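Take a look at the letters that make up each chain.
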Amino acid sequence: QKEVEQDPGPLSVPEGAIVSLNCTYSNSAFQYFMWYRQYSRKGPELLMYTYSSGNKEDGRFTAQVDKSSKYISLFIRDSQPSDSATYLCAILGGNTGKLIFGQGTTLQVKP
Amino acid sequence: GAVVSQHPSWVICKSGTSVKIECRSLDFQATTMFWYRQFPKQSLMLMATSNEGSKATYEQGVEKDKFLINHASLTLSTLTVTSAHPEDSSFYICSATGGYGANVLTFGAGSRLTVL
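Residue numbers run consecutively from 1 along every chain, following the written order of its sequence. For naming, the first written chain is A and the first written ligand is 1, with later ones following in the order written. The predicted nature of this model means local features are confined to residues of pLDDT at least 70 and side-chain atom pairs, given and counted, to a pLDDT of 80 or more, with totals for whole chains, interfaces and linings taken over all residues. The side-chain figures draw on all heavy atoms in the structure; neither hydrogens nor water molecules are used.

Draft legend 1. Broad picture of the interface of chain B and chain A. The contact criterion used is simple: two residues touch if any of their non-hydrogen atoms lie within 4.5 Å. Taken together, the 18 residues of chain B in the interface contact 17 residues of chain A. Across the chain B/chain A interface, buried area totals approximately 1400 Å², and carbon plus sulfur atoms make up 61% of it. Any carboxyl oxygen of Asp or Glu that lies within 4 Å of a side-chain nitrogen of Lys or Arg is treated as forming a salt bridge with it. For the pair chain B and chain A, the number of links is zero salt bridges. Counted as a polar contact is a pair of N or O atoms within 3.5 Å, where, for protein atoms, one must be capable of donating a hydrogen and the other of accepting one, and residues adjacent in sequence contribute only when both atoms are in side chains. Inspection of the region where chain B meets chain A yields four residue pairs in polar contact (both at pLDDT 80 or more). The helix count covers DSSP runs of H or I at least four residues long, the strand count covers runs of E at least two residues long, and both are numbered beginning at the N terminus. When residues of the side of chain B that touches chain A are traced back to their parent elements, those giving at least two are strand S4 (32-38), strand S5 (44-51), strand S9 (90-97) and strand S10 (105-107) of chain B. Residues were grouped as follows: Ala, Val, Leu, Ile, Met, Phe, Trp, Tyr, Cys and Pro as nonpolar; Asp, Glu, Lys and Arg as charged; and all remaining residues, including Gly, as polar. For the side of chain B that touches chain A, the class distribution of residues is 10 nonpolar, six polar and two charged. Note on definitions: buried area is the accessible-area loss of two parts on being combined, 1.4 Å probe, summed for both.

Following this line, the structure appears as structure tokens:
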């Protein structure tokens, strides 16, 4: 079992839709949770990070962490074609101090 | 915000030559930098962890003599791919901690290496 699991998609939605991206993780010691957006042929760009259970909102983006279920989500409201990218969840490994990435979900928002 | 600059963004070289990629933290001091490799449609694979003033720590399966890492200052780390071969063609991305906090990585834009 991978430490971080993420459905690679691809996920295709119409413009304006609410997008839900998810990851599960296996180690309850993990504490820091991040979401990165990566456009084709570019480095990942930090979207949001959090270390606690609950919701964190930033504009159209909401990050949600459920530590009891070991489940994290990223919601995108009013999705735009410019949101089309690969979204990577990343979790800080407890003892190693290394960031563990999910496989990434490819999102396409159609106008 | 924290910015990590990576150069060059794209390099083409002949087989057998060496290529150096630079990673700079522009507005913060990066005590730790990481080097990743990414193949098309795959996630990032950590190659090595670079700490300023000390030897890099390589992940299992990564040849340290092939991928030389130098972190001579708090704002610069370099990755040198020695005697590059076509199978080394990939997207190399650096990242650094210290910008948004000790536990958050800021990534460079990546360097695409093509070995002919």
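Draft legend 2. Summary view of the packing of aromatic side chains. Geometry of aromatic contacts follows a simple scheme: Phe, Tyr and Trp rings, the Trp one being its six-membered ring, pair when their centres are within 6.5 Å, and the pair is stacked under 30 degrees between planes, edge-to-face over 60, tilted otherwise. Tallied over the full model, the rule gives nine aromatic pairs over all chains. Between the aromatic rings of Tyr25 of chain A and Phe30 of chain A, the centroid separation amounts to 5.9 Å while the plane-to-plane angle is 35 degrees, which identifies the pairing as tilted. Comparing Tyr25 of chain A with Phe30 of chain A shows no difference in burial state: the two are buried. Ring centres of Tyr25 of chain A and Phe33 of chain A lie 5.2 Å apart, and the angle between their planes is 45 degrees; this geometry places the pair in the tilted category. Like Tyr25 of chain A, the residue Phe33 of chain A is buried in the burial classification. Three or more aromatic residues joined by ring pairs form one cluster here, namely Tyr36 and Phe101 of chain A together with Tyr36 and Phe107 of chain B. Burial status follows relative accessibility: with a 1.4 Å probe on protein chains alone, a residue under 20% of its type maximum counts as buried, one over 50% as exposed, and anything between as partly exposed.

Draft legend 3. Molecular detail of the state of the cysteines. When two cysteine sulfur atoms lie within 2.5 Å, the pair is treated as a disulfide. Under the criterion given, the structure shown has two disulfides over all chains. One disulfide bridge connects Cys23 of chain A with Cys89 of chain A, the sulfur atoms lying 2.0 Å from each other. Across the S-S bond of Cys23 of chain A and Cys89 of chain A the torsion is about -100 degrees, and the bridge reads as left-handed. With a gap of 66 residues between them, Cys23 of chain A in strand S3 (residues 19-25) and Cys89 of chain A in strand S9 (residues 85-92) connect regions that are remote in the sequence. With relative accessibility at 1%, the residue Cys23 of chain A sits in the buried group. The class for Cys89 of chain A is buried, based on a relative accessible area of 0%. One disulfide in the model links Cys23 of chain B with Cys94 of chain B; its S-S distance is 2.0 Å.

Draft legend 4. Molecular detail of the side chain of Gln6 of chain B. Residue and element names in this part refer to chain B. Turning to its location among the elements, Gln6 is positioned in strand S1 (residues 4-7). Within the structure, the side chain of Gln6 is placed 3.1 Å from the backbone nitrogen of Gly110, a separation counted as a polar contact. Among the polar contacts made by the side chain of Gln6, one reaches the side chain of Ser111 at a distance of 3.1 Å. With near-sequence residues (within four places) excluded, Gln6 lies in contact with Ile21, Glu22, Trp35, Tyr92, Ile93, Cys94, Gly108, Ala109, Gly110 and Ser111.

Read these as layout, nothing more, since geometry by itself doesn't imply function.
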